[in-house]
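Summary of the model geometry
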Amino acid sequence: MSEQIEDLLHRRTDLSTFLVHFTRDSNDGKTASQDNLLSILKKGKLKAPNTYGMAGRLAKRFPEVADTQRTVCFTETPLEHAWMMCRPIADRRFRFDGYGLAFTKSFARRRGVNPVWYLDISQRGRDWLTGPVNRLVEAAEAKATGKDGVTDADELAEAEILRLTPFIEQMGPATDGRKEFWWEREWRHAGGFSFEPEHVVVAFAPEGQHASLQGSLTEATDDWYDDLTFIDVNWGLERIVGALAKVDAADLGPFPQ
């Protein structure tokens, strides 16, 4: 008898049931990543301040277009491998300190989160798949531009291709280095992403911060997150399982205390 693919995929350890979002310090340096995590949990919303994707040049020129290209970013990663996202990796744009949260992939998909499509720009002449995408973006701008040379930014922002561009990136050698972040298995949500406390699977934070963060969260949210489990990205799989099973911390070590 044939098996259901859902039952088989649960045994694939290279795939993840979860999508992870890590916080970082604010661009102005005024808010630390742990404070951003608390703010996100208290408000039940991830903001989308930054633009991504292959309409970047248009987003810089037209605020109306920029608003359509702002996304929340997630990574599909097994919880026990989340540590890699928080390492100081050369040439990486962002640095994460181990503060974040995870949702199930199923919940995220129901809310409109979509995997990023990476187009390879490795040495293959110049017949890259990015060419057709760029031409579609250029055609959208041309269509929204009148004979007087003035572009109707509102019309441009409604172009169908701009619904896709936030989810398209390049991979390979670029003019300013290499863009080889396909291994992150990135997913994105266009615009802000809202959730309820019960949708958060775990929160990430350094182990020494768990008690204080839980206390701050409980005090501010009337016990909404009373059952939330904090884990450390540096923990191994069995330590994570123990924390999720609410095993007493004294019994999680290899030696009795």
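That block above? That's the structure.
The shown structure was predicted, so the numbers you read here are calculated from the model rather than taken from an experiment.

Conventions used here
- Residues numbered from 1 in each chain as written.
- Predicted model: local features only at pLDDT ≥ 70, side-chain atom pairs only at ≥ 80, totals over all residues.
- Heavy atoms only, no water.
- Helix = DSSP H or I, 4+ residues; strand = E, 2+ residues; numbered from the N terminus.
- Buried < 20%, exposed > 50% of the residue type's maximum accessible area, 1.4 Å probe, protein only.
- Contact = heavy atoms within 4.5 Å.
- Areas by Shrake-Rupley, 256 points an atom, 1.4 Å probe, with all protein chains shown as cover.
- Lys, Arg positive; Asp, Glu negative; His and termini not counted.
- Charge placed at Lys NZ, Arg CZ, Asp CG, Glu CD.
- Patch = residues over 30% accessible without salt bridge, like charges linked within 9 Å, V, L, I, M, F, W, Y side chains within 5 Å.
- Salt bridge = Lys/Arg side-chain N within 4 Å of Asp/Glu carboxyl O.
- Core = buried A, V, L, I, M, F, W, Y, C linked by side-chain atoms within 4.5 Å.
- Phe/Tyr/Trp six-rings, centres within 6.5 Å; stacked < 30°, edge-to-face > 60°.
- Expected span 1.5 Å × (residues − 1).
- Pairing = 2+ DSSP bridges.

Next up on the list: the overall build of the protein chain. The number of helices and strands found in the protein chain is ten helices and twelve strands. The C-alpha extent of the protein chain, read off along each of the three principal axes, is 75 × 50 × 40 Å. Within the protein chain, the proportion of its 257 residues that are buried is 41%. Within the protein chain, contacts between residues at least 6 apart in sequence are counted, and of these 76% link residues at least 24 apart. Carbon and sulfur atoms make up 50% of the accessible area of the protein chain, which amounts to about 15,500 Å² in all. Both charge centroids of the protein chain, one from 32 positive and one from 40 negative side chains, sit 6 Å from each other.

Let us look at a nonpolar patch on the surface. On the surface, a cluster of nonpolar side chains totalling about 250 Å² of accessible area is made up of Ile5, Leu8 and Leu9. Tracing the backbone through its elements, the reader meets leucine 9 in helix H1 (residues 5–9).

A full pass over the atoms with the stated rule returns eight salt bridges. Residue arginine 12 is joined to aspartate 14 by a salt bridge in which the shortest nitrogen-to-oxygen separation is 2.8 Å. Given a relative accessible area of 35%, aspartate 14 falls into the partly exposed group. When the shortest N-O distance is used, the salt bridge between aspartate 67 and arginine 70 registers 3.4 Å. You can call aspartate 67 exposed: its relative accessible area is 54%. One salt-bridge network, in which partners are shared between bridges, spans Glu76, Lys105 and Arg185.

We now examine the nonpolar core. With 26 residues, the main nonpolar core has Leu41, Leu46, Phe74, Leu101, Phe103, Phe193 and Phe195 as its most contacted residues. Considering every element that reaches this core, the biggest residue donor is helix H2 (residues 33–43), with four residues. Not counting residues within four places of it along the chain, the set of residues in contact with phenylalanine 195 comprises Ile40, Leu41, Gly44, Lys45, Leu46, Leu101, Phe103, Phe107, Arg111, Val200 and Tyr225. By size, the runner-up hydrophobic cluster in this structure holds 16 residues, among which are Val20, Ala82, Cys86 and Phe204.

Attention now goes to the packing of aromatic side chains. For the structure shown, the criterion picks out nine aromatic pairs. Arranged with centres 5.4 Å apart and planes meeting at 70°, the rings of phenylalanine 103 and phenylalanine 193 form a pair that is edge-to-face. Taken together, the positions of phenylalanine 103 in strand E4 (residues 100–104) and phenylalanine 193 in strand E10 (residues 193–194) put the pair 90 residues apart, joining distant regions of the chain. In this structure phenylalanine 103 comes out as buried when scored by relative accessible area, which is 0%. On the numbers, 5.8 Å between centres and 75° between planes, the contact of phenylalanine 107 with phenylalanine 193 is edge-to-face. In this pair, phenylalanine 107 is assigned in helix H5 (residues 105–110) and phenylalanine 193 in strand E10, connecting sequence segments 86 residues apart.

We now examine helix H6 (residues 130–143). If you check H6, its first and last C-alpha atoms are 20 Å apart, about what 14 residues at 1.5 Å a residue would give, namely 20 Å. Listed as buried for H6 are Thr130, Gly131, Val133, Val137, Ala140 and Glu141.

Moving on to the pairing of strand E1 (residues 18–22). Counting buried residues in E1 gives five out of five residues, a clear majority hidden from the surface. With burial as the criterion, each face of E1 is covered, one bearing Phe18, Val20 and Phe22 and the other bearing Leu19 and His21. Of the pairings in the sheet, the one linking E1 to E4 comprises five bridges and is antiparallel in character. Residue pairing in the sheet places phenylalanine 18 in a bridge with threonine 104 of E4. In terms of strand pairing, E1 meets strand E3 (residues 71–76) through two bridges, oriented antiparallel. In the strand pairing of E3, leucine 19 is matched with glutamate 76.

A word on a negative patch on the surface. On the surface, a cluster of negative charge is made up of Glu64, Asp152, Asp154, Glu155, Glu158 and Glu160. Since its relative accessible area comes to 58%, glutamate 160 is described here as exposed.

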